[in-house]
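Summary of structural features
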Amino acid sequence: MEKAVRLPDDQLSAWAQKTSRSYADHIPGAGGLTYQPAEAELLGALLRCCVEEGATQTLEVLAEGEVNDGKASGLYRTPATVADLMAELLAAPGEPYPNRVFDPACGVGGLLLAAASHGARELYGQDLVPAVAAQAAARLAVQADGTAAQVMAGDSMREDAFPALLADAVLCAPPYGHRDWGHEDLAYDPRWMFGLPPKGESELAWLQHCLAHLARGGQAVLLMPPGAAFRPSGRRIRAEMIRSGALRAVIALPPGTAPPLHIGLQLWRLERPHPQATLPSTVLMVDTVGGGTAGADDVPGRRSDWPAIRSAALDAWRDFDRRPDSYDPVPGVARAVPVVDLLDEAVDLSPARHVLAAPVPANPDELAEMAYELKSRLRLAATGLVALSGGQTWPPAGADARSWRTASVADLLRGGALTLLRAPAAIRSSSSPALKDSEAPRTLTARDVVSRRPASGAAEKSRSDEDVTIEAGDVILPELLHEGVSTARVADTRDAGQLLGRHLHLLRPDPTRLDPWFLAGFLAAEDNLSAASSGTTVVRVDPRRLRIPLLPLAEQQRYGRAFHQLHALRVAADIANRLADETARTLAAGLTGGALLPLTHVSAAEGEVSAEALELRRNIGMLLLAEGNVAQAVAELVPLHEDLLLLYGPDHDETQEIADVLTRLRRAGGATS
């Protein structure tokens, strides 16, 4: 190949044509390729990439740009992590892996490569687009050593290239929402073991196509859109599938796990029942969505909580597979649902509907202890928040606001006071696994910056010399604005050594000339961001246009300490908000589950007093008042004042405090007597 790179243009074209024909039996369309001398420059660049980066990396780069992801085509490339999970669901550890694996919508071969990495030795694939099928064949030939692979081009539904194939397993991510799948042409096709799918249920047509290519007892894992689980038009097909015992599990993945990123897809674990086998009585439902959603900054399949998602799916399935009739549910995550419960009018297979509907057993003493611990932590967080928000009054600058000379970030870059860095834009191999070592550096994502959380993105196994390693004191700014607002993060010791993620600008100040907290505070000012941003639907910030006041370092540090204090206030508020939500959810679950009893009602007639209840009502009223919600605050404080009068009398400190608040509100017109 190195010699070919140096050939003249006319000879290079002839060499490429001759060489491609030698692969005609293995790569679809290779025998009919022709090359013109005008294409020699492109061929040369491709060969140089192979020589310098290797065939595997070159094919990965080509594969990244081949599939045109989008709503129009319904074609999306399955991330390597999701493909690996699908492949793992085919066999438990220690069991023989399926030898013969088929993917009727193979794309560039990602699912077949995942199967090969786990032990599959015969790989079969078909794709509608000849160029994509050729890439899949090339990738399998280069990366799946020791396997026999056969990939064909053509329409799998209308022109099945493997009509007699009965595979041990099928992995497939069928096209979504593709109405022209052959409904009119294939009305009497023998593949419809559960009936002819409606025209709008292409995914259920692909599902039956996959099952038709399975040997008895063979297994399949399909990546399905959530609509296939509940659309009324597919109800009859789903019911027949359940009655036959073909559906064994539905695993819901969070949005952002795989494209399209705004939709949470599902993994359907299927099996072609053996005629003599006993039909299963339950179907496993797994909901891994509890980790939240991914933002636009997250790489598909590389969510920050992916290890937990993967573990939840695999653990639930393997436990269920070992003992389907005695599976112990995982509260809020997994449940074995009786077939008879699924065969209702809707035949809704959405895991959330069945998992969340299951009662969560709880030990009353344990739940009460947990609630007490959460409330204690909430009080501590609230105390810290009050302390940070109190203290001295911030003094006014005078009759007029301060003004100062400013310099753009571009000017500061030219003067050497700042360095601007970005994560490398080069495409890496999507099949490279993420590092699992807990001590390995993580990747700081834009979502981490906005949420003020530690770096959470998985680091690539294949590190690049262009990776940007974060240092303490770096200022990191998201590229995209959300509703015109952004935040700037000053890297601390936790961030130091982590990697910079995509869609982030890193500004590294010279500490002898710029204070990082001063820089971060002014960079994130709303008017500054507005002046330096462009776009309508997607608003991007040009960091070079941001402006910074020109102040002496000592004055910068004074402002920096103030911005640092505001950051601490935001962090304390985040913690208090999270603990409040967690406490409320735990208490509500205890009340609705019967494990906890309501607080003692404060009533003079009953003569029962709960200081905790009184404190809670006071805090709620004051919080509503602080948020400017006067009407609701009054609705909370007036009955509280009445109870305090009856319990403690008018001279008690707590009674007088609430009376003073209500008096001020009445004078301001905020309450009625």
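Scope of this entry: the structure provided in the associated data block. The structure displayed is predicted, hence computed values, not measured ones. (Residues numbered from 1 in each chain as written. Predicted model: local features only at pLDDT ≥ 70, side-chain atom pairs only at ≥ 80, totals over all residues. Heavy atoms only, no water.)

All told, the structure shown has 29 salt bridges when counted by the stated rule. A salt bridge links Glu122 to Arg100, with the shortest nitrogen-to-oxygen separation between them at 3.2 Å. On the criterion of sequence distance, the pair formed by Glu122 in strand β2 (residues 122-127) and Arg100 in strand β1 (residues 100-103) is long-range, its members being 22 residues apart. For Glu122, a relative accessible area of 23% translates into the label partly exposed. When its relative accessible area of 28% is taken as the criterion, Arg100 is described as partly exposed. Salt-bridge contacts for Arg323 lead to Asp319; the nearest nitrogen and oxygen are separated by 3.1 Å. (Salt bridge = Lys/Arg side-chain N within 4 Å of Asp/Glu carboxyl O. Helix = DSSP H or I, 4+ residues; strand = E, 2+ residues; numbered from the N terminus. Buried < 20%, exposed > 50% of the residue type's maximum accessible area, 1.4 Å probe, protein only.)

This part takes up the packing of aromatic side chains. Summed over the entire model, instances satisfying the criterion amount to 10 aromatic pairs. With 5.7 Å between their ring centres and 70° between their planes, Phe102 and Phe162 make a pair best called edge-to-face. Of this pair, Phe102 sits in strand β1 while Phe162 is found in the loop between β3 (148-153) and β4 (167-172), placing the two residues 60 residues apart along the sequence. For the pair shown, Phe102 and Phe162 are each scored as buried. Between Trp181 and Trp192, the aromatic rings sit 5.7 Å apart at their centres with planes inclined by 90°, giving edge-to-face as the arrangement. You can see Trp181 sitting in the loop between β4 and α8 (202-212) and its partner Trp192 sitting in the loop between β4 and α8, a full 11 residues away along the chain. Overall, the relative accessible area of 1% leaves Trp181 in the buried class. Residue classification places Trp192 among the buried positions, given a relative accessible area of 8%. Three or more aromatic residues link up through ring pairs in this structure, and these residues are Trp404, Phe518, Phe522, Tyr559 and Phe563. Looking at Arg191, its charged tip hangs above the ring of Trp192, at a distance of 5.5 Å from the centre. (Phe/Tyr/Trp six-rings, centres within 6.5 Å; stacked < 30°, edge-to-face > 60°. Lys NZ or Arg CZ within 6 Å of the ring centre and 35° of its normal.)

Judged by pairing direction, the sheet is mixed, and its 9 strands sit side by side in the order β3-β2-β1-β4-β5-β7-β6-β8-β9 without closing on themselves. Either end of the sheet is taken by a strand with one partner, and the two such strands are β3 and β9 (334-338). Each strand of the sheet is rotated relative to its neighbour by a mean of 15°, with strand direction disregarded. Bridging between strand β8 (residues 282-287) and β9 involves 5 bridges; their strand directions are antiparallel. Bridged to Met285 within β9 is Arg335. Helix α10 (residues 306-322) contacts β6 (247-252), β7 (266-271), β8 and β9 of the sheet and is inclined by roughly 165° relative to β8. (Pairing = 2+ DSSP bridges. Axes fitted to C-alpha atoms, helices over the stretch in contact; angles between N-to-C directions. Contact = heavy atoms within 4.5 Å.)

Take helix α18 (residues 553-592) next. With 40 residues, α18 extends 58 Å from end C-alpha to end C-alpha; this agrees with the ideal 58 Å at 1.5 Å per step. Considered for burial, the residues of α18 that qualify are Glu555, Gln556, Gly560, Ala572, Ala576, Leu579, Thr583, Thr586 and Gly590. Count one or two residues on from α18 and you reach Gly594, which has phi positive near 85°. (Expected span 1.5 Å × (residues − 1).)

Time to look at the environment of Asp160. Mapped onto the elements, Asp160 comes out in the loop between β3 and β4. Residue Asp160 is classed as partly exposed on the basis of its relative accessible area, which comes to 22%. Spatially, the C-alpha atom of Asp160 lies 8.3 Å from that of Gln126, the residues being 34 residues apart in sequence. With near-sequence residues (within four places) excluded, Asp160 lies in contact with Gln126, Asp155, Arg191, His209 and His213. Of note is the side chain of Asp160, whose polar atom sits 2.6 Å from the side chain of His213. (Polar contact = N/O pair within 3.5 Å; in protein donor to acceptor, adjacent residues only side chain to side chain.)

Before going further, it helps to spend a moment on a negative patch on the surface. Taken together, the side chains of Asp365, Glu366, Glu369 and Glu373 define an acidic patch exposed on the protein surface. Among the secondary structure elements, Glu373 is positioned in helix α13 (residues 364-389). (Patch = residues over 30% accessible without salt bridge, like charges linked within 9 Å, V, L, I, M, F, W, Y side chains within 5 Å. Areas by Shrake-Rupley, 256 points an atom, 1.4 Å probe, with all protein chains shown as cover. Lys, Arg positive; Asp, Glu negative; His and termini not counted. Charge placed at Lys NZ, Arg CZ, Asp CG, Glu CD.)

The subject of this paragraph is the sheet that holds strand β13 (residues 475-478). The 4 strands are arranged β11-β16-β13-β14 in an open sheet whose pairing can be described as antiparallel. In this open sheet, the two edge strands, each paired with only one partner strand, are β11 (418-421) and β14 (489-490). Inspection of the sheet shows β11 paired to strand β16 (residues 504-509) by 4 bridges, in the antiparallel sense. By the bridge assignment for β16, Leu420 is matched with Leu507.

Turning our eyes to something else, we now look at unusual backbone geometry. With an omega of 0°, the peptide bond between Pro259 and Pro260 qualifies as cis. With respect to the helices and strands, Pro260 occurs in the loop between β6 and β7. Phi at Val347 is positive, roughly 50°, even though this residue is not glycine. Given a relative accessible area of 2%, Val347 falls into the buried group. Despite not being glycine, His503 shows a phi value in the positive range, around 60°.

In short, geometric facts, not functional conclusions.
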